[in-house]
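Listed below are the residues making up each chain.
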Amino acid sequence: MTTLDHPPAPAVAPPRPAEVDVVIVGSGFSGLAMAVRLLREGSRDFVVLERGGDVGGTWRDNSYPGCACDVPSHLYSFSFAPNPEWSSTFSPQAEIHAYLRRVAEEQGVLPHVRLHCEMREAAWDEGAQRWRIETAQGPLSARVLVAAAGPLSEPSIPGLPGLDRFQGTTFHSATWDHGHDLAGERVAVVGTGASAIQFVPRIQPRVGSLHIFQRTPPWIMPRPARPITGLERSVYRRLPAAQRSMRSAIYWGRELYALPLVRARLAPVVEAVARMHLRRQVPDPELRARLTPDYAPGCKRILISDDYLPALSRDNVEVVTDGIAEVRERSIVTRDGRERQVDTIIFGTGFHVTDVRIATRLRDGDGRSLAEVWAGGMAAHRGTTVAGFPNLFLLLGPNTGLGHTSVVLMAEAQAGYVIEALRHMRARSVEAIAVRPAAQAVFNDRVQRAMAGTVWTAGGCASWYLDGNGRNTTLWPDFSFRFRRLLRRFDAGSYEQLPVPPATEAVPAITEGVAA
């Protein structure tokens, strides 16, 4: 009998360790930034928990028609991994997802990723000074936990009366049903945010009728997108410094965009441009009036589009400004009593941002969830650490969002801050650290004071930037370069440091290598 009659058994994967030094939750931009920094510092004892079947985070999940980034491509990428192959100055979703997948592979992150491995709960064990983590693939223990799930990971669907009895099709833009054919259908779109203005122009020509349910109109600016030429890509491939220079120029140009946001009195400059864009794209004065916001630009997220406003003027499109009273089996009824027959409802209603779901799964040494601690509003020291939660680091945590440039910059700055914290701990034989409540309070007081006079608090609107108490706990109220400068060094004096317990095994060293 030959070996062909009995083929060799497939290789058995080595057992996965139940104890690691660092656990990273999420494999989007922030999770990959953290993983790459650990690898470049010589650390291999970490895992990345990913609930999906691939890396990429929100750029894996959001695949609705027209999905693209509204930050320039050269800036919406890692500083350590420039991509000379971008096809457009504003990248489409598929290219961004492919870029993240390639970075994870080329930087050696993939062997550390556990796919289909959702973190169900993580609790701090004070005696062992370890995070005890329950995952979809079993228990795990770690010295350090990095939560990098991101603020745009849990879709938000409004609790409309009667929605549960609707007999048609419903889905959120972040969970687009690509198997459902919209051709000829009567479609309702609830929400007019950043996702809706991208998919509405794509589905408008296919549907029979399109009802856009608008609560408040957004300010929309021109979208200066263009294809990146083959010559440009060739230059970037051969002269990486040229692309770095382009990235730097775009960065400092985008920093200027912060001026009318952090100084609300300058908002009329932006409003003049947006009003001109609206006049050019919507000739009907009645429709234009319904699409004109009554708040300052930037108070809600400023959107960019050249095809959304023209789509609203098409014969099969209706912009509905009356609120939704109820949903029936095959229709939506507005507060004025009018009933509209619909076959499909698409929600473009954003995400859970000020009530992030991962906060319900993180518990301190006393068993309190982070959500309970944050009942009065999210707060963290430098957007990264939370009092009472030792060795927990949040990437893109409270007050790290941006209204003018790339959040990838913030995630990289935070990843560098975590590395500095780990170096500090190792050098001083410290097993665990926790930010002092007073330090956290001082930082957040400064943030909220800086928020006064910004367009987010003085712009005359209620936005998803604000929590239930009216505080802006999502955005950084300043230029991004100041946040990056702030996080370059670990402020050890802001932390309580716990010595290594006698029975604790030594932690693998993180070398002093220099990251790119």
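Residues numbered from 1 in each chain as written. Predicted model: local features only at pLDDT ≥ 70, side-chain atom pairs only at ≥ 80, totals over all residues. Heavy atoms only, no water.

*Asks:* Explain the overall build of the protein residue by residue, including any values.
*Replies:* What the protein contains, in helices and strands, is 15 helices and 20 strands. For the protein, whose C-alpha radius of gyration is 24 Å, the value lies close to the compact-globule estimate of 24 Å for 516 residues. Projecting the C-alpha coordinates of the protein onto the three principal axes gives extents of approximately 75 × 75 × 55 Å. In the protein, which comprises 516 residues, the proportion classed as buried is 55%. A sequence separation of at least 24 residues applies to 73% of the contacts in the protein between residues at least 6 apart. Accessible surface, the protein: about 22700 Å² in total, of which carbon and sulfur atoms supply 53%. Each charge sign in the protein was given a centre, from 58 positive and 53 negative side chains, and these centres are 7 Å apart. (Helix = DSSP H or I, 4+ residues; strand = E, 2+ residues; numbered from the N terminus. Rg over C-alpha atoms; globule rule 2.2 N^0.38 Å. Buried < 20%, exposed > 50% of the residue type's maximum accessible area, 1.4 Å probe, protein only. Contact = heavy atoms within 4.5 Å. Areas by Shrake-Rupley, 256 points an atom, 1.4 Å probe, with all protein chains shown as cover. Lys, Arg positive; Asp, Glu negative; His and termini not counted. Charge placed at Lys NZ, Arg CZ, Asp CG, Glu CD.)

*Asks:* Any chance you could break down the sheet that holds strand β15 (residues 339-341) for me, citing the residues and the numbers?
*Replies:* Strand order in this open sheet of 3 strands is β13-β14-β15, and the pairing throughout is antiparallel. Of all strands in the sheet, those bounded by a partner on one side alone are β13 (324-327) and β15. When the angles between neighbouring strand axes are averaged without regard to direction, this sheet yields 25°. Across 3 bridges, β13 lies against strand β14 (residues 331-334) in antiparallel orientation. Bridged to Ile324 within β14 is Thr334. (Pairing = 2+ DSSP bridges. Axes fitted to C-alpha atoms, helices over the stretch in contact; angles between N-to-C directions.)

*Asks:* Please provide a residue-by-residue account of the sheet that holds strand β8 (residues 186-190), values included.
*Replies:* The sheet built from 5 strands is open, its strands ordered β7-β16-β8-β9-β12 with parallel pairing. Each of the sheet's edge strands pairs with one partner strand only, and the pair in question is β7 (169-172) and β12 (317-320). Neighbouring strand axes in the sheet, compared pairwise and without regard to direction, differ in orientation by 15° on average. Note: β7 against strand β16 (residues 344-347), 4 bridges, orientation parallel. When the bridges of β16 are listed, His172 appears paired with Phe347.

*Asks:* Go over a nonpolar patch on the surface, please, and point to the residues and values.
*Replies:* Together, Leu231, Val235 and Leu239 line one region of the surface with nonpolar side chains, adding up to about 290 Å² of accessible area. Position of Leu231 relative to the elements: it lies in helix α5 (residues 230-238). On the basis of relative accessibility, which here comes to 64%, the residue Leu231 falls in the exposed class. (Patch = residues over 30% accessible without salt bridge, like charges linked within 9 Å, V, L, I, M, F, W, Y side chains within 5 Å. Salt bridge = Lys/Arg side-chain N within 4 Å of Asp/Glu carboxyl O.)

*Asks:* Tell me what's going on with the side chain of Thr400, and back it up with residues and numbers.
*Replies:* By secondary structure assignment, the location of Thr400 is in the loop between β18 (392-394) and α12 (407-427). Residue classification places Thr400 among the buried positions, given a relative accessible area of 1%. Apart from the residues lying within four places of it in its own chain, the contact partners of Thr400 are Gly383, Met410, Gln414, Thr474, Leu475, Trp476 and Phe483.

*Asks:* I'd like a description of the state of the cysteines, backed by residues and values.
*Replies:* Using the criterion set out here, one finds 1 disulfide in the structure. Note on cysteine connectivity: Cys299 is disulfide-linked to Cys461, with sulfurs 2.0 Å apart. Because the sign of the S-S torsion sets the handedness, a value of about -100° for the bond joining Cys299 and Cys461 places this disulfide among the left-handed ones. With Cys299 in the loop between α9 (285-290) and β11 (303-304) and Cys461 in the loop between α14 (455-458) and α15 (480-486), this pair connects stretches of sequence that are 162 residues apart. Exposure remark for Cys461: the relative accessible area of 17% places this residue in the buried category. Cys67 forms no disulfide, and the closest cysteine sulfur to it belongs to Cys69, at a distance of 8.9 Å. Judged by relative accessible area, Cys67 falls into the buried class, the value being 9%. The exposure class of Cys69 is buried, given its relative accessible area of 3%. (Disulfide = S-S within 2.5 Å.)

*Asks:* Tell me about the packing of helix α1 (residues 29-40) against α12, and please be specific about residues and values.
*Replies:* It is at 9 Å that the axes of α1 and α12 come closest, and there the two elements cross at 40°. By crossing handedness, the relation of α1 to α12 is classed as right-handed. Touching Phe29, Ser30, Ala33, Met34, Arg37 and Leu38 of α1 are Val408, Ala411, Glu412, Ala415, Gly416, Val418, Ile419 and Leu422, all from α12. Among the residues making up the contact of α1 with α12, the classes are represented as 10 nonpolar, 2 polar and 2 charged. (Left-handed = near helix turned anticlockwise from the far one by under 90°. Nonpolar A, V, L, I, M, F, W, Y, C, P; charged D, E, K, R; others polar.)

*Asks:* So what's going on with the pattern of salt bridges? Residues and values would help.
*Replies:* Summed over the entire model, instances satisfying the criterion amount to 29 salt bridges. Note that Arg328 is salt-bridged to Glu326, the shortest N-O span being 3.0 Å. Classification of Glu326 by relative accessible area gives partly exposed; the value is 23%. Salt bridges sharing partners connect three or more residues here, namely Arg37, Glu41, Glu420 and Arg423.

*Asks:* Explain the confidence of the model for the protein residue by residue, including any values.
*Replies:* Model confidence for the protein is summarised by a mean pLDDT of 92, while 93% of its residues fall at 70 or above. Here residues 1-13 is a poorly scored stretch, pLDDT under 50, and it has 1 contact once near neighbours within four places are set aside; other chains count. Here residues 504-516 scores under 50 on pLDDT; set against residues more than four positions off or in separate chains, the count is 25 contacts. (pLDDT = per-residue confidence, 0-100.)

*Asks:* A description of α5 should follow, citing residues and the corresponding values.
*Replies:* Within α5 the residues assigned to the buried category are Glu232, Ser234 and Tyr236. Buried positions along α5 lie against α6 (240-256).

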